Amino acid sequence: MYDRFNRSIDYLRISVTDRCNLRCRYCMPEEGIHLLRHEDILSFDEITGFTRVAVAKGIRKVRITGGEPLVRKGIVTLVKMIAGIKEIVDLSMTTNGTLLKHFAGDLKKAGLHRVNISLDTIDPERFEYITRGGNINDVFEGIDAAKKSGILPVKINCVVKESKEEEDARGVTEFCLKNDLEIRYIRQMDLVQGHFSAVDGGTGGNCALCNRLRLTANGKLKPCLFSDIEFDVRDLGYEKAIMKAVGVKPESGSNNLTGGFFNIGG
Ligand code: SAM
Ligand code: SF4
């Protein structure tokens, strides 16, 4: 699929839940979130059905995200259903890693190719502060489990305020070098203010190269993270929603007043 600006759209990010077991300061609002109702959340059949139509239209890369994807009940089954769509050449997941030790082996068997794990510091107290209560040892165990299960390469997503020279980021860089992990630095963004920028080691943030569509847990298809444009895949039907989203995908992002990272999936 090509959009109006001749960008090839072949990447779909699916947020499978708006829930999370952490409360990262840059992602979740301080006052907590208004959770979606169970009946508003797409079922596994709906997610897989939508993905199948998207693949028929040209999607080849799929990333499962959230919220925290591993808190969605039955996530291994969903991964297996999506992995069954054989045209998908790259099936990945972004996770905070805290529950990964329980799932890594089964995710590999289900057909997950690779994983990105978010880690912004290696200092246990800083981690607890940033995530409002998380235990960094859970992430370390999750990283080990992913490597042992062969969900490779394991990439680390490290959010920085300005640069990778900040103290927290330097610690994560060193940790990745020692542990044979790839690292991507993501500058902290503000959806409301429209502050975004390119990611070191990734393609995000560069609108001219943007190849993605995003599906939220409640079935809104978003052509751009930094825009309020969205199409309801239940109301419109999958194919129509895809064609509309690709048809109006903005040349570049502006701002987004109707969603957050926790429910769009980053
Ligand atoms: N819970 C999973 C996790 O943390 O990896 C997946 C969802 S999370 C919304 C996806 C990615 O978005 C994570 O790597 C996270 O660090 C990033 N993210 C969240 N809020 C952000 C922000 N304000 N600016 C930049 N990246 C952000
Ligand atoms: Fe949860 Fe991921 Fe957001 Fe942190 S960044 S609050 S782990 S969804």
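For the structure given in this document, a descriptive report is provided here.

### Digging into the pairing of strand 7 (residues 212-215)
Piece 1. Going residue by residue along strand 7, you find Arg212 and Arg214 tucked away on one face and Leu213 and Leu215 tucked away on the opposite face as well.
Piece 2. Looking at chain direction, strand 1 (residues 11-15) and strand 7 are connected through four bridges and run parallel. Residue pairing in the sheet places Leu12 in a bridge with Leu213 of strand 7.
Piece 3. Pairing of strand 7 with strand 8 (residues 220-222) involves two bridges; the strand directions are antiparallel. Bridge pairing in strand 8 places Leu215 opposite Leu221.
Piece 4. Counting the residues in the hairpin turn of strand 7 and strand 8 gives four residues, including Gly219, whose phi is positive at 85°.

### Quick notes on the site of ligand 1
Piece 1. Around ligand 1, 18 residues are found, and the nearest of them are Tyr26, Gly67, Ser118, Asn157 and Met189.
Piece 2. Within the backbone of Tyr26, a nitrogen or oxygen atom sits 2.9 Å from a nitrogen atom of ligand 1.
Piece 3. Within the backbone of Met189, one N or O atom sits 2.8 Å away from a nitrogen atom of ligand 1.
Piece 4. Contact with the protein chains removes 95% of the 540 Å² of surface that ligand 1 exposes when unbound.
Piece 5. Looking at side-chain class alone, the shell around ligand 1 contains six nonpolar, ten polar and two charged residues.

### Considerations on the environment of His38
Piece 1. Along the polypeptide, His38 turns up in the loop between strand 1 and helix 1 (44-56).
Piece 2. Taking relative accessible area as the criterion, His38 reaches 71% and is therefore assigned exposed.
Piece 3. The sequence separation of His38 and Asn218 amounts to 180 residues, and the corresponding C-alpha distance is 9.2 Å.

### What about the site of ligand 2?
Piece 1. All residues in the neighbourhood of ligand 2 are listed as Cys20, Leu22, Cys24, Cys27, Met28, Gly67 and Asn96.
Piece 2. Classifying every residue of the shell around ligand 2 by side-chain character gives five nonpolar, two polar and no charged.

### Focus on a negative patch on the surface
Piece 1. Together, Asp123, Glu125, Glu128 and Glu167 line one region of the surface with negative charge.
Piece 2. Within the fold, Glu167 resides in helix 6 (residues 167-178).
Piece 3. Since its relative accessible area comes to 73%, Glu167 is described here as exposed.

### Some points on the packing of aromatic side chains
Piece 1. If you walk through the whole model with that rule in mind, you get two aromatic pairs.
Piece 2. When the ring centre of Tyr129 is taken as reference, the NZ or CZ atom of Arg25 above it lies at 3.8 Å.

### Observations concerning the packing of helix 3 (residues 100-110) against helix 5 (residues 136-149)
Piece 1. Running from amino to carboxyl end, helix 3 crosses helix 5 at an angle of 15°, the nearest separation of the two axes being 8 Å. When the interaxial angle is binned, helix 3 and helix 5 end up roughly parallel. Crossing of helix 3 over helix 5 shows right-handed handedness. Residues Leu100, Lys101, Ala104, Gly105 and Lys108 of helix 3 form the contact with helix 5, whose own contacting residues are Asp138, Glu141, Gly142, Ala145, Ala146 and Ser149.
Piece 2. Taken together, the residues that form the contact of helix 3 with helix 5 break down as four nonpolar, three polar and four charged.

### Description of the environment of Ala145
Piece 1. One can find Ala145 in helix 5.
Piece 2. Judged by its relative accessible area of 15%, Ala145 falls in the buried class.
Piece 3. Between the C-alpha atoms of Ala145 and His34, which are 111 residues apart in sequence, the distance is 32 Å.
Piece 4. Contacts of Ala145, omitting those with residues within four sequence positions, involve Leu100, Lys101 and Ala104.

### Some thoughts on helix 8 (residues 238-248)
Piece 1. Every buried residue of helix 8 is accounted for by Ala241, Ile242, Ala245 and Val246. Along the axis of helix 8, the buried positions cluster into a sector of 125°, meaning they face one direction only.
Piece 2. Residues of helix 8 that are buried in the fold lie against helix 1, strand 7, strand 8, strand 9 (231-232) and helix 7 (233-236).

### A closer look at the pattern of salt bridges
Piece 1. Under the criterion given, the structure shown has 18 salt bridges.
Piece 2. The partner of Glu239 in a salt bridge is Lys57, with the nearest N and O atoms 2.9 Å apart. Taken together, the residues Glu239 in helix 8 and Lys57 in the loop between helix 1 and strand 2 (61-65) connect sequence positions 182 residues apart.
Piece 3. Judged by relative accessible area, Glu239 falls into the partly exposed class, the value being 43%.
Piece 4. Judged by its relative accessible area of 27%, Lys57 falls in the partly exposed class.
Piece 5. Close ionic contact of Asp138 with Lys101 constitutes a salt bridge, the shortest N to O distance being 3.3 Å. A residue pair is termed long-range when its members are at least 10 positions apart, and Asp138 in helix 5 and Lys101 in helix 3 qualify at 37 residues.
Piece 6. A single salt-bridge network, built from bridges that share partners, covers Arg37, Glu39 and Asp40.

Cut-offs used in this document
- Residues numbered from 1 in each chain as written.
- Chains lettered and ligands numbered in written order.
- Predicted model: local features only at pLDDT ≥ 70, side-chain atom pairs only at ≥ 80, totals over all residues.
- Heavy atoms only, no water.
- Buried < 20%, exposed > 50% of the residue type's maximum accessible area, 1.4 Å probe, protein only.
- Helix = DSSP H or I, 4+ residues; strand = E, 2+ residues; numbered from the N terminus.
- Pairing = 2+ DSSP bridges.
- Near = heavy atom within 4 Å.
- Polar contact = N/O pair within 3.5 Å; in protein donor to acceptor, adjacent residues only side chain to side chain.
- Areas by Shrake-Rupley, 256 points an atom, 1.4 Å probe, with all protein chains shown as cover.
- Nonpolar A, V, L, I, M, F, W, Y, C, P; charged D, E, K, R; others polar.
- Patch = residues over 30% accessible without salt bridge, like charges linked within 9 Å, V, L, I, M, F, W, Y side chains within 5 Å.
- Salt bridge = Lys/Arg side-chain N within 4 Å of Asp/Glu carboxyl O.
- Lys, Arg positive; Asp, Glu negative; His and termini not counted.
- Charge placed at Lys NZ, Arg CZ, Asp CG, Glu CD.
- Phe/Tyr/Trp six-rings, centres within 6.5 Å; stacked < 30°, edge-to-face > 60°.
- Lys NZ or Arg CZ within 6 Å of the ring centre and 35° of its normal.
- Axes fitted to C-alpha atoms, helices over the stretch in contact; angles between N-to-C directions.
- Parallel < 35°, antiparallel > 145°, perpendicular 65-115°, else oblique.
- Left-handed = near helix turned anticlockwise from the far one by under 90°.
- Contact = heavy atoms within 4.5 Å.
- Arc of directions from axis to C-beta.

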